[in-house]
Structures are given as C-alpha cells and as structure tokens.
Amino acid sequence: MRVVVDQDLCGTTGQCVLTLPGTFRQREPDGVAEVCVATVPQALHAAVRLAASQCPVAAIRVIESDAGDDERASADPAPSPAEAEQRNPGGHDGTV
C-alpha cells in the first residue's frame, strides 16, 4: 500500500497528522501535509485508511496495489469539477 497527498487540495487542517503522525507531517512554512513513508507497513493499513477518510477535503489517496495499471484507490479519487460543485455549492475548497 502507498499513500499520496494532493498538496494542491490539502486544507492544512492537520487531521492526518493527528491521526497518524509517523506517516504524515505538515510542512513548516505552509502547513501542507506530506507523506513520510514510501510504502505503508501492513500494521498501519487500517490507520491510513482512517486518516484518508477523515481528511475534510479528500486530499489523501490510498493506493492499495503497486501493480502498475491495477492500482486501486480506496479513498475517493478527486472529484470532477461538476461533482465538486455538487458537494460544495459555495465553491470554497476548505483552505484557510
């Protein structure tokens, strides 16, 4: 399993860091989340899925497989602009 953070989408809330500080950190200058590990250990899979599900702006993507085209994301992929507008009709992306 791998995990990635869409740093353009990150709302800098730090929820992922609070949930799993050894796997996520926030950059000092701007608070944007970063992933600290290349591959997530089996023992942390459930915690990473939880962190992804708790991200208020859905910026965390969990990649279940490293098998090229067979990659499956367990978190919702980034929504299309139309889907994003339906979820958030005010257009605010959650950044502060």
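Residues numbered from 1 in each chain as written. Predicted model: local features only at pLDDT ≥ 70, side-chain atom pairs only at ≥ 80, totals over all residues. Heavy atoms only, no water.

I'd like a description of the state of the cysteines, backed by residues and values.
A full pass over the atoms with the stated rule returns 0 disulfides. Here Cys36 is not cross-linked by a disulfide; its sulfur's nearest cysteine counterpart is in Cys16, at 9.1 Å. In this structure Cys55 is not part of a disulfide, and its nearest cysteine sulfur, from Cys10, lies 6.6 Å away. (Disulfide = S-S within 2.5 Å.)

Describe helix α2 (residues 45-54), listing the residues and the values that go with them.
Where α2 is concerned, the buried positions are His45, Val48, Ala51 and Ala52. Angular distribution of buried residues about the axis of α2 spans 125°; they occupy a single face of the element. Set apart from the buried face of α2 by more than 90 degrees, the exposed residues are Ala46 and Ser53. The inward-facing, buried residues of α2 contact β1 (2-5), α1 (15-19), β2 (24-26) and β4 (60-63). (Buried < 20%, exposed > 50% of the residue type's maximum accessible area, 1.4 Å probe, protein only. Helix = DSSP H or I, 4+ residues; strand = E, 2+ residues; numbered from the N terminus. Arc of directions from axis to C-beta. Contact = heavy atoms within 4.5 Å.)

Quick one: what's the story with the pairing of β1, residue by residue and with numbers?
Every second residue of β1 is oriented toward a common face, the buried set being Val3 and Val5 and the non-buried set Arg2 and Val4. In this structure, β1 lies alongside β4, joined through 4 bridges in antiparallel fashion. Bridge pairing in β4 places Val4 opposite Arg61. (Pairing = 2+ DSSP bridges.)

Shape is all these values report; function is a separate question.
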